Amino acid sequence: MRSPWLNKLSVILGPRPPVSWLFLCVVSLLALITVFGSSSSSSFDSVTSTWVPESYKNYRRLKEQAAVDYFELRTLSSGASRQRELGFCGKEIENYVPCYNVTANLLSGFKDGEEFDRHCEVVGQGKWCLIRPPKDYKTPLQWPAGRDVIWSGNVKITKDQFLSSGSMTKRMMLLEENQIAFQSDAGLTFDGVKDYSRQIAEMMGLGSDSEFLQAGVRTVLDIGCGFGSFGAHLVSIKLMALCIAGYEATGSQVQLALERGLPAMIGNFITRQLPYPSFSFDMVHCAQCGIPWDKKEGMLLIEVDRLLKPGGYFVLTSPKSKPHGSATGTKIRNMLTPLEQFPEKICWSLIAQQDETFIWQKTVDAQCYSSRKQNDVPLCKGHDASYYQALSPCIIGPSSKRWIPIQNRSSSSELSSAELALHGVSPEDFFEDLQGAEDPLPPFNMVRNVMDMNAHYGGLNAAFLEEKKSVWVMNVVPVTSRNMLPLILDRGFPGVLHDWCEPFPTYPRTYDMLHANGLLSHLSSERCSLMDLFVEMDRILRPEGWVVLYDKLGAIELARAHATQIRWGARVIDLQNGSDQRLLICQKPFLTK
């Protein structure tokens, strides 16, 4: 007579269950006993901290392996429908950027330019699917060639759009069959980008642009960066330039810059603050960027002031003026008139003007704010919240502890103890973050840019620099974690605040590698879905790109299951350091159908 347990099993599997299913159930039961019995051994773990027998080490290793085996068995037994690989999205969204849907924004009531802004609240809950690369997509060329030559099929710009884009663009790029070649000495002015950069340096009183670092300029926010020629030149002289530009359905500046392997992200000067804290950049640059600086009662300039560090520079190059009396020339003069008056109200001084280029410098004199007129722009009161908040009508004054002139800041990424103390960070924690940046393992000759999705203090970025790797890192600080972005920016690294429950403001296929240390555990208590996160990671990762995740065993195993669903190759690595931390290495395949 069969036991009641076998009777129940026969109802589920049929009158004669296969031997393999019986074996699976037995192994699952043993694994369950092992896993749920782990709590009873916790006291034993603490008691034996002074001396750990080899037999106990072997038992602990077996226990961890049993947990892994149980997870795999549970995944299998949960049913194929829950673990089925995701399908592909339609061709119409191969360049899709969530949160930037002008039509949906208009239907939601946004107007006066707000429809072009970022609105993640409008994004509906769609079906999970994987965005395929365009038909003509090719693996980007390695640096340094990949910085100056890209495949035209990798970006959404057609030959007709390129040929009709104007003489200035034609001087900057050459189209040869299926490639776009960027002339290294072409750029924003007729004299070339190198001459333009040297002109800015001379207007600042420097001998050449190689002296930018000596003047305290290490980080530059390049607004409306075109195709990245100015930023590419600054990178060549060891300056970090981050490009921001508005969302564009075709011919995107941000997409082209990222395809070249240059730092860029979508960002709009419309109604909200950019996702950077106050005192983030040493220079803000705008050359023909199309921003109406004379509008919104100066609040766009106030946002620039918020982003600039004390002593920082705002460089504005207007389009070439037509002869006196023309409509274009009149429009430019009308725009520059308030720019000649408003900067004084926020303690800027015009230090130089040459041709169409103007340079203002933010004051380092704290007394300037108290000596202004009563009707000048007021000082802000309260906390500085900079994650897509509404544009502010007030300025951040010298009361902040980070009010340090750029000329007095450290030129090294390794901050002093006094500088660390400003951010509430001990030298020990800072050093530990650097040591904790594990070797990411993928081949570096195929990696040009990396996104660190949970950057902490920027330790991974520093590790790449120490190893002299030719990559740049986008340091992302989750909005729900401790905000260490000011420290990262003070080290001269690019970075941004982001809510990982929302899509990242970039185009598909723009990063060669994604890295996260502890992010999955951090997000476990958040409202967002882990599967949403992995689908978003797949969107922004290039075909054949790498993912490196370091986290607790349970989070890593769940991540491995999601990686399988989105068709990544994945393997878990035990670092053999006695902890419950694991490393998950994934690679996205080049899928075309």
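For every chain, the first residue of its written sequence is number 1, and the numbers climb from 1 along that sequence. Thresholds applied to this predicted model are a pLDDT of at least 70 for local features of residues and 80 or more for the giving and counting of side-chain atom pairs; totals over whole chains, interfaces and linings are not thresholded and use all residues. As a convention, hydrogens and water are excluded, and side-chain values are obtained from all of the structure's heavy atoms.

The name given to the chain in an unreviewed UniProt entry is Methyltransferase, with the source organism recorded as Gossypium darwinii. You can read under Sequence similarities (unreviewed entry) in the UniProt record for the chain the words "Belongs to the methyltransferase superfamily." UniProt positions are given in the numbering used here, feature names are shortened, and annotations may be inferred rather than shown by experiment.

### Focus: the pattern of salt bridges
Any Lys or Arg side-chain nitrogen located within 4 Å of an Asp or Glu carboxyl oxygen qualifies as a salt bridge. Considering all chains together, one arrives at 17 salt bridges under this definition. Taking the shortest distance from any N to any O, the salt bridge between R542 and D512 comes out at 2.7 Å. Remark: D512 occurs in strand β14 (residues 511-517) and R542 occurs in strand β15 (residues 541-552); sequence separation between them is 30 residues. Grouping residues by exposure puts R542 and D512 together as buried. Sharing partners across several salt bridges, the network here consists of E259, R448, D512 and R542. The helix and strand labels rest on DSSP assignments: H or I over at least four residues marks a helix, E over at least two residues marks a strand, and numbering proceeds from the N terminus. Each residue gets one of three labels from its accessible area relative to the maximum for its type: buried under 20%, exposed over 50%, partly exposed in between, using a 1.4 Å probe on protein chains only.

### Thoughts on the state of the cysteines
Criterion for a disulfide: a pair of cysteine sulfur atoms within 2.5 Å. Applying the stated criterion to the full structure yields 7 disulfides. At a sulfur-sulfur separation of 2.0 Å, the disulfide partner of C89 is C129. Around the S-S axis, the bridge from C89 to C129 shows a dihedral of about 100° and counts as right-handed. Pair noted here: C89 is in the loop between α4 (54-77) and α5 (102-107) and C129 is in the loop between α5 and α6 (145-148), with a separation of 40 residues, a long-range link. There is a disulfide in this structure between C347 and C368, and the S-S distance comes to 2.1 Å.

### Some details on the sheet that holds strand β9 (residues 348-354)
Between any two strands, at least two bridges found by DSSP are needed for them to pair. Read from one edge of the open sheet, 7 strands run β6-β5-β4-β7-β8-β10-β9, paired in mixed fashion. Each having just a single partner strand, β6 (264-266) and β9 make up the two edges of the open sheet. Looking at each pair of strands side by side, their axes are set apart by 20° on average, direction ignored. Sheet topology note: the strand β5 (residues 240-245)/β6 ladder contains 3 bridges and is parallel. When the sheet's bridge partners are listed, I244 is paired in β6 with M265. Contacting β4 (219-223), β5 and β7 (281-287), helix α10 (residues 229-236) crosses the sheet at an angle of about 170° to β4. Throughout, an axis means a line fitted to C-alpha atoms (over the contacting stretch in the case of helices), and angles, computed between N-to-C directions, take values from 0 to 180 degrees. In what follows, residue pairs with any heavy atoms lying within 4.5 Å of each other are defined as contacts.

### Focus: the sheet that holds strand β13 (residues 495-498)
The mixed open sheet is built from 7 strands, whose spatial order is β13-β12-β11-β14-β15-β17-β16. On the outer flanks of this sheet lie β13 and β16 (569-573), each paired with one strand and no other. In this sheet, neighbouring strand axes are inclined to one another by 20° on average, regardless of whether the strands run parallel or antiparallel. Helix α20 (residues 530-540) rests against β11 (449-452), β14 and β15 of the sheet, and its axis sits at about 140° to β15. Lying over the sheet, helix α21 (residues 553-565) contacts β15, β16 and β17 (581-587), oriented at roughly 160° with respect to β15.

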